[in-house]
Each structure stands twice: as structure tokens, then as C-alpha cells.
Amino acid sequence: MKHITIFASGSGSNAENIALHFEKSTIARVSLILCNNPKAGIIERAARLNIPCRVFSRHDFYETDTVLQLLREVKTDLVVLAGFLWLVPGSLIEAYRGRIINIHPALLPGVGGKGMYGMKVHETVIQNGADRSGITIHYVDEKFDEGEIIFKAECSVDPGDTPEILASKIHELEYAHFPTVIEKLLSAE
Ligand code: GRF
């Protein structure tokens, strides 16, 4: 059995979707959820899912090895960033190189990089007049949104789409694809 640790900063609907996907899997389990925001919705979802959830501070993350210890305690095979907003420190990337993935709610390379998260992404896609958007699942390296791309899926951006409408199309793509991409990665090992 492989162990997945998910990092989330907000609502955590992707984290929940992934956890449910693997609930009865013979391949992997979501063994731990890590969160940097004590007010995040993911904390309540984790409690409902009965998955251990730990909140860490900026100090913990960047100045100590608390998070690395937590990952090791549950024998993490794959780290999944699902709506996690902080840059991962080099020490963690080094320890888990090639085993940390992120989902970005737009097509990379393009609409990404520092500050490009949440509704800002969808607003930018619409302002750019793009007729396609989508999701990009990629490995995480030392820079925001620049690691090797693993998977992309697209949706249309239609006239009249608001950032909220686009966000919900993107969430549908995320729910449909993120768990299966994770499953494939873990099965290929
Ligand atoms: C998702 O769209 C994810 O791609 C992005 O932030 C959103 C998080 O949503 N980076 P949720 O917390 O999983 O509901």
C-alpha cells in the first residue's frame, strides 16, 4: 500500500475527492493532510474523512524539519499539492524529488507563476480572450508552476463565461482527472 500526503490551503474539495477515490483502493491511501491555514475548510473535511490533519506555520515550514518529519512518519510515497499556496522549500523538494506533484487550474506554460492562483487565474484567462483553458498536473520544483508537465486536460472558455463559471468547469476537470493521474503514477512505480 502506497501512502499519499496532501497539502491544501483552502476549501480542500480536491483533497476530499482524492481521499474518497482511494478510500477502498488496494494501491494507495491518503494517509495525511497538511495545511498551512488554521481557518481552511480542509480541516473539517479531513475530520469528516477520518484522515489525520496537521496545521503547520510559516516558521515550521521554512525554518524547521517539522513537515519533513511528518511526511516520513507516515512513509509518504507521493506528495500531492491540491490548492496549496506556499512555495515548497528546497530541502523538501530535495528529499522528495520527483515525488511532489501539483495541480494548476489553467494550461501551463502560460497562465502561471507567482501570484497566479485562485480566481486571478480565471480572470486572467478571460481577460486574455482565450477560448480554451484547462488543468495542468506537473512535478514541483523550486519555482512556481515550472516543473515537468505530467498531464493536461482542456475545456472551452465560452462567450459570457465569468471567472466563477470557468472555475466550476475547471473543478469538474480536476475532480475527473486528478485521482486517476495520481493512481497511474503510483501504479507505474
Ligand atoms: C483548485 O482549482 C486548484 O487547482 C487550485 O486551487 C483550487 C483549490 O480548490 N490551485 P479546492 O481547495 O481543492 O476546493
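What counts as what
- Residues numbered from 1 in each chain as written.
- Predicted model: local features only at pLDDT ≥ 70, side-chain atom pairs only at ≥ 80, totals over all residues.
- Heavy atoms only, no water.
- Pairing = 2+ DSSP bridges.
- Helix = DSSP H or I, 4+ residues; strand = E, 2+ residues; numbered from the N terminus.
- Axes fitted to C-alpha atoms, helices over the stretch in contact; angles between N-to-C directions.
- Phe/Tyr/Trp six-rings, centres within 6.5 Å; stacked < 30°, edge-to-face > 60°.
- Buried < 20%, exposed > 50% of the residue type's maximum accessible area, 1.4 Å probe, protein only.
- Near = heavy atom within 4 Å.
- Polar contact = N/O pair within 3.5 Å; in protein donor to acceptor, adjacent residues only side chain to side chain.
- Areas by Shrake-Rupley, 256 points an atom, 1.4 Å probe, with all protein chains shown as cover.

## A word on the sheet that holds strand β4 (residues 78-81)
- Across the sheet, seven strands lie side by side as β3-β2-β1-β4-β5-β6-β7; this open sheet has mixed pairing. Two strands lie at the open edges of the sheet, namely β3 (53-55) and β7 (149-156), each paired on one side alone. Strand-to-strand, the axes of this sheet are offset by a mean angle of 20 degrees, without reference to chain direction.
- Relative to strand β6 (residues 132-139), strand β5 (residues 100-104) is paired through four bridges, and the arrangement is antiparallel. Across the sheet, residue His104 finds its bridge partner in β6, namely Thr136.

## Looking at the packing of aromatic side chains
- Inspection of the entire model under this criterion finds 11 aromatic pairs.
- Judged by centre distance (6.2 Å) and plane angle (45 degrees), the rings of Phe7 and Phe61 are tilted. With Phe7 in strand β1 (residues 2-8) and Phe61 in helix α3 (residues 58-63), this pair connects stretches of sequence that are 54 residues apart.
- Here Phe56 and Trp86 contribute two aromatic rings whose centre-to-centre distance is 6.0 Å and whose plane-to-plane angle is 70 degrees, an arrangement assigned as edge-to-face. With Phe56 in the loop between β3 and α3 and Trp86 in the loop between β4 and α5 (90-95), the pair connects residues that are 30 residues apart, well separated along the chain. Assigned by exposure class, Phe56 and Trp86 land together as buried.
- One aromatic cluster is present, formed by Phe7, Phe56, Phe61, Tyr62, Phe84 and Trp86 through successive ring pairs.

## Brief notes about the site of the ligand
- Neighbouring the ligand are Ser11, Gly12, Ser13, Asn14, Gly83, Ile103, Pro105, His171 and Glu174.
- Between the ligand and Gly12 there is a distance of 2.7 Å, counted from an oxygen atom to a backbone nitrogen or oxygen.
- Residue Ser13 places a side-chain N or O atom 2.5 Å away from an oxygen atom belonging to the ligand.
- Protein burial of the ligand: of its 360 Å² of free accessible surface, 85% is covered by the chains.
- Taken together, the elements giving at least two residues each to the shell around the ligand come down to α1 (13-22) and α7 (163-188).

## With respect to the pairing of β1
- Here β1 lies mainly inside the structure; five of its seven residues are buried.
- Sheet analysis places β1 next to strand β2 (residues 28-35), joined by seven bridges and oriented parallel. Paired with Phe7 across the two strands is Leu34, which belongs to β2.
- Pairing of β1 with β4, which is carried by four bridges, proceeds in the parallel orientation. Residue Ile6 lies in a different strand from β4, and its bridge partner there is Val80.

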